[in-house]
Amino acid sequence: MPLSEAQITEFRSGVLRHFSEEGRDFPWRRTRDPWLILTSEIMLQQTRIETVLARWDSWISAYPTPAALSAAPLSEVLACWKGLGYNRRALALRNAAVRIVRDHGGAVPESEEDLRSLPGVGAYTARAVRAFAFGLPGIVIETNIRAVFLFYFFQDRDGVPDRDLEPYVDAVLDRDDPRTWYYALMDYGAALKKREPNPSRRSASYARQSPFEGSRRQVRSAVLHTLSARGPLAQADLREAAAERVGPYARDPEFDGRLARAIKELESEGFVEEKDGVLGLKD
């Protein structure tokens, strides 16, 4: 359903009024440095803002540029990333830094096509970097923005795909200042989810995150942090050390299967390599 100019004006005014009164302040919002903004977007994927804030200063101090991260050993990168979860994001960001240095002269590219060619960068991340770092308009949808449009325009529907939200996101977009507009939408959506039943449950992409404890994700994390802390290990020694890290979950009859699958995944993703029966981080 097309929106009238009056509807668009009213909608924008409400969102921007909330932002002027209750907008949030984060360190990555105080910069237009494309590298720092790309870093923040990768860090924030499936991770609470409070968790990222706790690691932000130490990470940025260690890797303020793509060149700094691209030159860092994987063991150091994983150690610095510890606590942020989903270690594949750390590897993707490091690999993106390598590509930025190699293919773009050390500067984060501006075009969506070039951004999406980087490891770990999909449509949302590319468009967010373009909006927040370069001030370029585009359709940006993440969890809080999605909640706003579901709440206002799709109250009577479930299983709503993002493609149905896109015409509304495009219609109300402030093309002159997409950076401020999308920050305002994010903050409005975050506040909305605190006072209303989460509208995101009506999204086709909504899914509850499975528990970390006892999962393959926990086993993957145990393998990576063990190899990062202790260096290369024979598989039997790695099993013992990983079992110590996961605690009572190592007694699960499926632990060895999870461990084997985790190691295979980590090898295929470029984290781990085996040499002469010894497993170590791949640098």
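Residues numbered from 1 in each chain as written. Predicted model: local features only at pLDDT ≥ 70, side-chain atom pairs only at ≥ 80, totals over all residues. Heavy atoms only, no water.

Where charged atoms of side chains with opposite charge meet at close range, the side chains can pair. Inspection of the entire model under this criterion finds 19 salt bridges. We note a salt bridge from Asp25 to Arg30, for which the minimum N-O separation is 3.0 Å. With a relative accessible area of 53%, Asp25 lands in the exposed category. When its relative accessible area of 57% is taken as the criterion, Arg30 is described as exposed. Between Asp162 and Arg146 there is a salt bridge, and its shortest N-O distance comes to 2.9 Å. (Salt bridge = Lys/Arg side-chain N within 4 Å of Asp/Glu carboxyl O. Buried < 20%, exposed > 50% of the residue type's maximum accessible area, 1.4 Å probe, protein only.)

Here helix α11 (residues 178–195) spans 26 Å end to end across 18 residues, near enough to the 26 Å set by a 1.5 Å rise per residue. By the criterion of burial, α11 is predominantly enclosed, with 13 of the 18 residues buried. (Helix = DSSP H or I, 4+ residues; strand = E, 2+ residues; numbered from the N terminus. Expected span 1.5 Å × (residues − 1).)

We now examine the packing of aromatic side chains. Taken as a whole, this structure holds 15 aromatic pairs when the rule is applied. Ring centres of Phe11 and Phe149 lie 5.6 Å apart, and the angle between their planes is 40°; on these two criteria the pair is classed as tilted. One end of the pair, Phe11, is in helix α1 (residues 5–22); the other, Phe149, is in helix α9 (residues 143–153), with 138 residues separating them in the sequence. The class of Phe11 is buried, set by a relative accessible area of 10%. Look at Phe149 and you get buried, because its relative accessible area is 0%. Between Trp59 and Trp81 the ring centres are 5.2 Å apart and the planes differ by 75°, which places this aromatic pair in the edge-to-face class. With Trp59 in helix α3 (residues 49–62) and Trp81 in helix α5 (residues 74–81), this pair connects stretches of sequence that are 22 residues apart. Accessibility expressed as a relative area gives 0% for Trp81, which makes it buried. The aromatic ring of Tyr188 is capped on one face by Arg195, whose charged end is 5.9 Å from the ring centroid. (Phe/Tyr/Trp six-rings, centres within 6.5 Å; stacked < 30°, edge-to-face > 60°. Lys NZ or Arg CZ within 6 Å of the ring centre and 35° of its normal.)

Geometric descriptors of this kind do not, in isolation, establish any biological role.
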